[in-house]
Amino acid sequence: MNSVSFKNGEVKVRPLAFESLGVRGMATYVETDDVSMIVDPGSALGPRFNLEPHEREYSALFKSREDILSASEKVDLLTISHYHFDHFVPNFENWKFIWSSPEMAESLYRNKLILAKDISENINASQRKRGYMFRKKNLDIAEEIRVADGYELEMGSTEIRFSKPVFHGAEGTKLGYSLILTIETPNFTLVHAPDVQGPMYGKSLEYILSQSPNLLIIGGPPTYISFKLREEDLENAQKNLGTLAENIPELVVDHHLLRTTDYKEYLKPVIEKAEGAGHEVMTASELIGEEPNLLEARRKELHEEEPVEKEWYERLKKGEIGEDFE
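For clarity, every value in this text was computed on a predicted model and none was experimentally measured.

1. A look at the overall build of the protein chain
Within the protein chain, the secondary structure is distributed over nine helices and 16 strands. A globule of 326 residues ought to have a C-alpha radius of gyration of about 20 Å, and the protein chain, at 19 Å, matches this closely. Across the 326 residues that make up the protein chain, the buried fraction comes to 57%. Look at the contacts in the protein chain between residues 6 or more apart in sequence, and 68% of them connect residues 24 or more apart.

Pasting the structure below:
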């Protein structure tokens, strides 16, 4: 598994599932001298354009799941920022959007220390239910499941810190809360900020800046559904991304923002601020030297250029197409 090394290998990072890699998610492999982990070890597809996901999307989803499961064999712990299905693997069978099964979940979670979002506080109803089922199914499988909200852990010279819950987007959103993760070694700090959507929320920005990251991996705003959002929130997200770009040497912006091919236009002022400070803005795929592969954003185009037969989707529902991608 190819990783990007920082500070002569003190920290190694490998994106496993992101929109720029063809699927929904922010799964990231991180390794230090003391610990290895997968942050938000999930991936998924989603409904879009009233079209089924294209075969190419399923190929990318299959690969992401294989990469996550392969990486999990070697890691010490897993972290889960919140309970959306593109951030963890549920313990049920779903081939249409998640590519999950009880067997995959057990393989991922068995004998692992799991640091996961609290299900009793600062959580909406749907995530509370998912989090409850996650704990119920995996308490006897995992080594241990610890509440991560505001939690800190030292492993050798590596410090792992979680924020208190921050809004999943703008203040007061019905989408609930997420956790920001900091991984700090003696000479390098990585912050992983999933689903803060920019961030739109000012206190999320303040928290990220307080961690002084060398590398920030952050979920951008969902401009593809801008008609559902307040213009003020999208403007705040862009402004806050610009502030981050001025202060953080390497900024990876991905996830919701890359569900549209117009993401570069939105990031123009952010990139300008980064360049003015001698910093860099990139996608997760570009972090590892690959061009963004925006499959969901191109779903209409893919179906027009490479139609998928109905029979193929029938096989998909039965979980019969895995061998097509091997």
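Read on for the rest.
2. What to know about the sheet that holds strand S12 (residues 181-185)
Strand order in the open sheet formed by seven strands is S8-S9-S12-S13-S14-S15-S16, and the pairing between neighbours is mixed. Whereas interior strands pair on both sides, the edge strands pair on one side only; in this sheet they are strand S8 (152-155) and strand S16 (280-282). Adjacent strand axes in the sheet meet at a mean angle of 15 degrees, parallel and antiparallel pairs treated alike. This element, helix H6 (residues 263-276), spans strand S15 (250-254) and S16 of the sheet and lies at about 150 degrees to S16.

3. Describing helix H5 (residues 231-247)
Because an α-helix completes one turn every 3.6 residues, residues spaced three or four positions apart along the sequence face the same direction. Taking 1.5 Å as the rise per residue, H5 with 17 residues should run 24 Å; its terminal C-alpha atoms sit 25 Å apart, in good agreement. Asp233, Leu234, Ala237, Asn240, Leu241, Gly242, Leu244 and Ala245 are the residues of H5 that are buried. Tucked inside the fold, the buried residues of H5 contact helix H4 (202-210), strand S14 (215-219), S15, H6 and S16.

4. Digging into empty space enclosed by the protein
Taken as a whole and assessed by the stated rule, the structure comprises one cavity of 30 Å³ or more. Looking at the largest cavity, its volume works out to about 60 Å³. When the residues that make up the lining of the largest cavity are grouped by side-chain class, the tally is six nonpolar, two polar and four charged.

5. Notes on the nonpolar core
Within the largest apolar cluster, 44 residues are counted, with the highest numbers of intra-cluster contacts made by Tyr58, Trp99, Tyr109, Ile114 and Phe134. For this core, the secondary-structure elements that each account for two or more residues are strand S2 (11-18), strand S3 (26-32), helix H1 (55-72), strand S5 (77-80), helix H2 (102-109), strand S6 (113-116) and helix H9 (310-317). Tallying contributions element by element places H1 first for this core, with seven residues. In this structure tyrosine 109 touches Leu78, Phe88, Val89, Asn91, Ile114, Phe134, Asn138, Ile141 and Ala142, once residues within four positions along its chain are discounted. Counting 30 residues, the second largest nonpolar core, distinct from the first, contains Phe18, Ile160, Leu179 and Ile217.

6. Some words on H4
Of all the positions in H4, only Ser204, Leu205 and Ile208 are classed as buried. The buried residues of H4 occupy one face: seen down the axis, they fall within an arc of 100 degrees. Pointing more than 90 degrees away from the buried face of H4 are the exposed residues Lys203 and Glu206. On its buried face, H4 sits against strand S10 (166-167), strand S13 (188-193), S14 and H5. Positioned one or two residues after H4, serine 212 has a phi angle of 50 degrees, which is positive.

7. Quick notes on the packing of aromatic side chains
Centre distance and the angle of the planes are the two values used to describe a pair of aromatic rings. Applying the stated rule across the entire model yields 13 aromatic pairs. Each ring, one from phenylalanine 6 and one from phenylalanine 188, has its centre 4.8 Å from the other, and the planes form 25 degrees; the classification is stacked. In this pair, phenylalanine 6 sits in strand S1 (residues 4-6) while phenylalanine 188 sits in strand S13, placing the two residues 182 residues apart along the sequence. Pairing tryptophan 95 with tryptophan 99 gives two aromatic rings, centres 5.2 Å apart and planes at 75 degrees, and the pair type is edge-to-face. Using a relative accessible area of 4% as the deciding quantity, one classes tryptophan 99 as buried. Through a chain of ring-to-ring contacts, the aromatic side chains of Tyr83, Phe85, Phe88, Phe92, Tyr109 and Phe134 assemble into a single cluster. Seen from the ring of phenylalanine 85, arginine 130 lies directly overhead, with NZ or CZ sitting 4.0 Å from the centre.

The rules behind these values
Residues numbered from 1 in each chain as written. Predicted model: local features only at pLDDT ≥ 70, side-chain atom pairs only at ≥ 80, totals over all residues. Heavy atoms only, no water. Helix = DSSP H or I, 4+ residues; strand = E, 2+ residues; numbered from the N terminus. Rg over C-alpha atoms; globule rule 2.2 N^0.38 Å. Buried < 20%, exposed > 50% of the residue type's maximum accessible area, 1.4 Å probe, protein only. Contact = heavy atoms within 4.5 Å. Pairing = 2+ DSSP bridges. Axes fitted to C-alpha atoms, helices over the stretch in contact; angles between N-to-C directions. Expected span 1.5 Å × (residues − 1). 1 Å grid on protein atoms, 1.4 Å probe; cavity = no way out; pocket = protein on both sides within 12 Å on 5 of 7 lines; lining within 4 Å. Points joined across faces, edges and corners; volume = space filled by probe spheres on them. Nonpolar A, V, L, I, M, F, W, Y, C, P; charged D, E, K, R; others polar. Core = buried A, V, L, I, M, F, W, Y, C linked by side-chain atoms within 4.5 Å. Arc of directions from axis to C-beta. Phe/Tyr/Trp six-rings, centres within 6.5 Å; stacked < 30°, edge-to-face > 60°. Lys NZ or Arg CZ within 6 Å of the ring centre and 35° of its normal.

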